[in-house]
Amino acid sequence: MTLLNEAARGVYVIAVTPFMENGALDLESADRMVDFYLEKGATGLTLLGMMGEAPKLTADESRILVRRVLARTAGRVPIVVGVSGPGLAAMGELTKAVMDDGAAGVMVAPPAGLRTDDQIVVYYDMVAEAIGIGTPLVLQDFPQSTGVQIAPAVILKIVARLPNMVMLKHEDWPGLAKLAAIRAASDNGTARRISILVGNGGVFLPEELTRGADGAMTGFAYPEMMVDVWRAHAAGDVERAHDLFDAYLPLARYEQQPGPGLAIRKYILAKRGVIASATLRKPGAPLSAADITDVERLMSRQTHRLKELG
């Protein structure tokens, strides 16, 4: 088992959780999904994220899904598991289970209700104790969802206090200045360097890479977008990275809508043959006919634009 560390870079795809039409876990689709993500160039996978419908799974289902994906990847790429939750005891239990099964690290977002810098720092001290100081930790900074605002100085303080915090999943929006400030602190030697992977469906990916991000940890029905943009940028072809990004942007923007975004992603993945059904586990509504018309048009235009780019 290879543990996550500060040198992580590339694209860690936030995996969806496939369900059958009756709402049961679809493990055969999970196998195809893993194969698809790896074929498209994913550096790693992240399970039980906010767009993985983690709160809708039972504890047993969470462990079953993680084991299935770990078995399918067979050590080819690292697997990060989201363990965020209201209780530290449950967090510690899930962490131990997935790490024993071969996960590379865990991701934790702050719970709603943290309001002061000191509360945030103390919370992550408690997280480190719950998961074990030897477990690599990804701090998920997603204030649009959690309502918790974490200033760069607070993130750097947590980095200094917790040697097992190896990655920031940066999803603040707008957040380019914040990302740049955190990266500058390590570049000038005033802070330990950690990996920074970005979220938000990759809709700011080229700019975030320029500001110092090491890659992306997010989802999109076309994960090859993040992979190809990251590869082009890493190779120094920034204009090519932007050209590729531009071709996908209309659909990526549409998929980022609060509410129907996950339904859009699953619809496209089902259409691409990755998962058998676009079913969301309840509560969750399917797309309307008008939504599907929009998505089909955007997919067609995207295909045409990518052919033009070559």
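Here, the structure is the one placed above.
Not measured: the values here are computed from a predicted model. (Residues numbered from 1 in each chain as written. Predicted model: local features only at pLDDT ≥ 70, side-chain atom pairs only at ≥ 80, totals over all residues. Heavy atoms only, no water.)

Novice: A description of unusual backbone geometry should follow, citing residues and the corresponding values.
Specialist: Between Trp 173 and the following residue, Pro 174, the backbone shows a cis peptide bond with an omega angle of 0 degrees. As for its position among the elements, Pro 174 is in the loop between strand S6 (165–170) and helix H7 (176–187). A cis amide bond links Lys 282 with the next residue in sequence, Pro 283, at an omega value of 0 degrees. Within the secondary structure, Pro 283 is located in the loop between helix H11 (261–271) and helix H12 (289–309). Residues other than glycine seldom take positive phi values, yet Leu 48 does so here, at roughly 60 degrees. (Helix = DSSP H or I, 4+ residues; strand = E, 2+ residues; numbered from the N terminus.)

Novice: Just give me the short version of the packing of aromatic side chains, but keep the residues and values in it.
Specialist: Under the defined criterion, the tally for this structure stands at six aromatic pairs. Judged by centre distance (5.9 Å) and plane angle (50 degrees), the rings of Phe 220 and Tyr 222 are tilted. Tyr 222 sits in the buried class, given a relative accessible area of 9%. Considering the side-chain rings of Tyr 222 and Tyr 248, the 6.1 Å spacing of their centres and the 50 degrees angle between planes classify their relative orientation as tilted. Here Tyr 248 lies in helix H10 (residues 238–255) and Tyr 222 lies in the loop between strand S8 (215–218) and helix H9 (223–234), a separation of 26 residues in the sequence. Accessibility classification places Tyr 222 together with Tyr 248 in one group, the buried group. Ring-pair connections join several aromatic residues into one group, and the members of that group are Phe 220, Tyr 222 and Tyr 248. (Phe/Tyr/Trp six-rings, centres within 6.5 Å; stacked < 30°, edge-to-face > 60°. Buried < 20%, exposed > 50% of the residue type's maximum accessible area, 1.4 Å probe, protein only.)

Novice: Run through the environment of Gly 75, naming residues and quoting values.
Specialist: Secondary-structure assignment places Gly 75 in the loop between helix H2 (59–73) and strand S3 (79–82). Measuring from C-alpha to C-alpha, the distance between Gly 75 and Leu 262 comes to 28 Å, with 187 residues separating the pair along the chain.

Novice: Tell me about helix H1 (residues 27–39), and please be specific about residues and values.
Specialist: With 13 residues, H1 should reach 18 Å at 1.5 Å per residue; the first-to-last C-alpha distance of 18 Å fits that figure. Looking at H1, one finds that the buried residues are Ser 29, Ala 30, Asp 31, Met 33, Val 34, Phe 36, Tyr 37 and Leu 38. Next to the buried residues of H1 lie strand S1 (10–14), strand S2 (44–47), H2, H9 and H11. Sitting at the head of H1, Asp 26 places a side-chain oxygen 3.4 Å from the backbone nitrogen of Glu 28. Of the residues flanking the end of H1, it is Gly 41, one or two places downstream, whose phi is positive at about 100 degrees. (Expected span 1.5 Å × (residues − 1). Contact = heavy atoms within 4.5 Å. Polar contact = N/O pair within 3.5 Å; in protein donor to acceptor, adjacent residues only side chain to side chain.)

Novice: Tell me about the pattern of salt bridges, and please be specific about residues and values.
Specialist: Following the criterion strictly, the structure yields 21 salt bridges and no others. Among the ionic pairs, Arg 183 bridges to Asp 214, the shortest N-O distance being 2.8 Å. Separated by 31 residues along the polypeptide, Arg 183 in helix H7 and Asp 214 in the loop between helix H8 (205–210) and S8 bring together distant segments of the chain. Each member of the pair, Arg 183 as well as Asp 214, carries the same accessibility label: buried. (Salt bridge = Lys/Arg side-chain N within 4 Å of Asp/Glu carboxyl O.)

Novice: So what's going on with a negative patch on the surface? Which residues, and what values?
Specialist: Side chains of Glu 207, Asp 237, Glu 239, Asp 243 and Asp 246 sit close together on the surface and give a patch of like negative charge. Looking at which element gives the most residues to the negative patch, the answer is H10, with three residues. Turning to its location among the elements, Asp 246 is positioned in helix H10. (Patch = residues over 30% accessible without salt bridge, like charges linked within 9 Å, V, L, I, M, F, W, Y side chains within 5 Å. Areas by Shrake-Rupley, 256 points an atom, 1.4 Å probe, with all protein chains shown as cover. Lys, Arg positive; Asp, Glu negative; His and termini not counted. Charge placed at Lys NZ, Arg CZ, Asp CG, Glu CD.)

Novice: I'd love a proper account of the side chain of Thr 46, names of residues and values included.
Specialist: Topologically, Thr 46 is positioned in strand S2. Among the residues examined, Thr 46 registers a relative accessible area of 0% and is labelled buried. Look past the residues within four positions of Thr 46 in its chain and what remains in contact with it is Tyr 12, Val 13, Ile 14, Ala 15, Val 80, Met 107 and Met 217.

Novice: Describe the packing of H9 against H10, listing the residues and the values that go with them.
Specialist: With their axes 7 Å apart at the nearest point, H9 and H10 run at an angle of 165 degrees to one another. One finds that H9 runs roughly antiparallel with respect to H10. Classified by chirality, the crossing of H10 by H9 is left-handed. Together, Glu 224, Met 225, Asp 228, Val 229, Ala 232 and His 233 of H9 and Val 238, Arg 240, Ala 241, Leu 244, Phe 245 and Tyr 248 of H10 make up the contact between the two elements. Of the residues in the contact of H9 with H10, the class split is eight nonpolar, one polar and three charged. (Axes fitted to C-alpha atoms, helices over the stretch in contact; angles between N-to-C directions. Parallel < 35°, antiparallel > 145°, perpendicular 65-115°, else oblique. Left-handed = near helix turned anticlockwise from the far one by under 90°. Nonpolar A, V, L, I, M, F, W, Y, C, P; charged D, E, K, R; others polar.)

Novice: Residue-level account of the nonpolar core, with values.
Specialist: In this structure, Tyr 37, Leu 45, Tyr 124, Ile 158, Met 165 and Ile 268 are the most contacted members of the largest nonpolar core, which totals 90 residues. Beyond its immediate chain neighbours, meaning those up to four positions away, Ile 268 contacts Ala 221, Tyr 222, Leu 251, Val 295 and Met 299. Tyr 12, Val 80, Met 167 and Met 217 belong to the second largest nonpolar core, which has 12 residues in total. (Core = buried A, V, L, I, M, F, W, Y, C linked by side-chain atoms within 4.5 Å.)

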